[in-house]
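The chain contents come next:
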Amino acid sequence: MMTEADQVSDDMFRYPFQLAFAEAFGDSGYGLPVGGLPETLSTITPSDVRTWHSGAFARSRPVLVAVGDVDPGEASATLAGVFGDYSALEDGRRPGEQVRKISAANSSRVAHREKAQAALAMIFPGPARRDPNRFAAEVWAAVASGLGGRMFEALRDRRSLAYTVLASSWQRGRAGALVTYIATSPEREEEARAAMLEQLDLFTRAPVTEEELLQAINYLAGQAELSRQSAGALAAEILEAWLIGNGLADLQDPAGAFRAVSANDVLRVARQNLDPSTRAEGIVRGTGVSSPAGG
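How each quantity is defined
- Residues numbered from 1 in each chain as written.
- Predicted model: local features only at pLDDT ≥ 70, side-chain atom pairs only at ≥ 80, totals over all residues.
- Heavy atoms only, no water.
- Helix = DSSP H or I, 4+ residues; strand = E, 2+ residues; numbered from the N terminus.
- Buried < 20%, exposed > 50% of the residue type's maximum accessible area, 1.4 Å probe, protein only.
- Contact = heavy atoms within 4.5 Å.
- Areas by Shrake-Rupley, 256 points an atom, 1.4 Å probe, with all protein chains shown as cover.
- Pairing = 2+ DSSP bridges.
- Polar contact = N/O pair within 3.5 Å; in protein donor to acceptor, adjacent residues only side chain to side chain.
- Phe/Tyr/Trp six-rings, centres within 6.5 Å; stacked < 30°, edge-to-face > 60°.
- Lys NZ or Arg CZ within 6 Å of the ring centre and 35° of its normal.
- Core = buried A, V, L, I, M, F, W, Y, C linked by side-chain atoms within 4.5 Å.
- Salt bridge = Lys/Arg side-chain N within 4 Å of Asp/Glu carboxyl O.

Quick look at the overall build of the chain now. Secondary structure assignment for the chain yields twelve helices and five strands. For the chain, buried positions account for 40% of its 295 residues. The long-range share in the chain, meaning contacts at least 24 apart out of those at least 6 apart in sequence, stands at 82%. As presented, the chain carries roughly 15800 Å² of accessible surface, and 53% of it is formed by carbon and sulfur atoms.

Here it is in structure tokens:
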């Protein structure tokens, strides 16, 4: 864990997001990386781990997912026998959770590294996992991001401004966010930020085109169907639906939910969330010798 946490702090892709989430949500909950921080991991003792484990299991009901060539009745009976004496909440999902909003706005956390680039992550409010607008948010991200996405074309192809550019919809049980990332040369950081905000603003002014919408929906629907070919991915989908989603009904037709999204749905999500005054940023500024972006 220490090695992984150290690697993240030196990663020009992951670390800006870690900084941005810490700025957005503070130094607890969603503001902390799942893998921990180098400065805190070294202080954790085996006794701390045992104490946490005992407390966590006492407060919640464990959820087990079995995917494979098994008989459902036999598997259920076997697992029930293992955990038969365990008493806990009636529902595996935590009751009464409220959506947590981004607490910091139009603020940033900055780190410096001996790198020949600058990397900037932006965190905007967005739909949480149980919000029906989450599908429109994912369609927005598919239109904005990817090799054929609008921002890739505008910021990398036309302006040679970015090494890497992407957008995504981050969805959890208690919060959601629209996130973006751009990596450029250090001397073009301000230009990259302004260009990114300009492209995001365009999403709030007019609906995406029918071509963009259809391409994004087909991609997401195809991914939803393709992922079910993997037992591991299917188990993760079941677990997510049960713990932070609306239950197992989410599994019935995930592709259909994307196909129901309209261009106006995407426009509404963009207008509700892509306000530059609500964003939090994570920035890693390179201090090494750089070459022109896109070179």
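Let us now look at the pairing of strand S2 (residues 118-125). With seven of its eight residues buried, S2 lies for the most part within the structure. Where S2 meets strand S4 (residues 176-184), eight bridges bridge the pair, whose relative direction is antiparallel. Across the sheet, the residue bridging to Ile123 is Val179, located in S4. With six bridges joining them, S2 and strand S5 (residues 280-286) adopt antiparallel strand pairing. Residue pairing for S5: Ala119 is matched across the bridge by Val284.

Checked against the element boundaries, Asn133 lands in the loop between S2 and helix H6 (134-144). One polar contact links Asn133 to Arg268, side chain to side chain, over a distance of 2.8 Å. Here Asn133 is in contact with Pro127, Arg268, Val269 and Gln272, once residues within four sequence places are set aside.

This part is about the packing of aromatic side chains. Two numbers describe a pair of aromatic rings. These are the distance of the centres and the angle of the planes. Taken as a whole and judged by the stated rule, the model has ten aromatic pairs. An angle of 70° between the planes, with centres 5.4 Å apart, marks the rings of Phe13 and Phe17 as edge-to-face. For the pair Phe17 and Tyr181, a centre-to-centre distance of 5.6 Å together with 25° between the ring planes defines the contact as stacked. Taken together, the positions of Phe17 in helix H2 (residues 14-25) and Tyr181 in strand S4 put the pair 164 residues apart, joining distant regions of the chain. Grouping residues by exposure puts Phe17 and Tyr181 together as buried. These aromatic residues form a ring-pair network of at least three members: Phe21, Phe25, Tyr30 and Trp170. Directly above the ring of Phe203 sits Arg150, whose terminal nitrogen or CZ lies 4.3 Å from the centroid. The ring of Tyr30 carries Arg174 above its face, with NZ or CZ at 4.8 Å from the centroid.

Turning our eyes to something else, we now look at the nonpolar core. Counting 39 residues, the largest nonpolar core has Val139 and Trp140 as the members making the most contacts within it. Contributing elements (two or more residues each) for this core: S2, H6, helix H7 (150-157), strand S3 (164-171), S4, helix H8 (189-203), helix H9 (210-226) and helix H12 (263-273). Residue contributions to this core peak at eight residues, all from H6. Every residue in contact with Val139, bar those within four places of it in the chain, is listed here: Leu213, Ala216, Ile217, Leu220, Phe258, Val261 and Val266. Core analysis: the next-biggest nonpolar cluster, separate from the first, contains 24 residues, Tyr15, Ala20, Leu166 and Ala183 among them.

Our focus in this paragraph is the pattern of salt bridges. Scanning the model with the defined rule gives 21 salt bridges in all. Where Arg109 meets Asp27, a salt bridge forms, and the shortest distance between an N and an O atom there is 3.1 Å. Of this pair, Arg109 sits in strand S1 (residues 107-113) while Asp27 sits in the loop between H2 and helix H3 (38-41); the two residues are 82 residues apart in sequence, bridging distant segments of the chain. Residues Glu225 and Arg259 are paired through a salt bridge, measuring 3.7 Å at the closest nitrogen-oxygen approach. Taken together, the residues Glu225 in helix H9 and Arg259 in helix H11 (residues 254-259) connect sequence positions 34 residues apart.

Geometric values such as these leave the question of function open.
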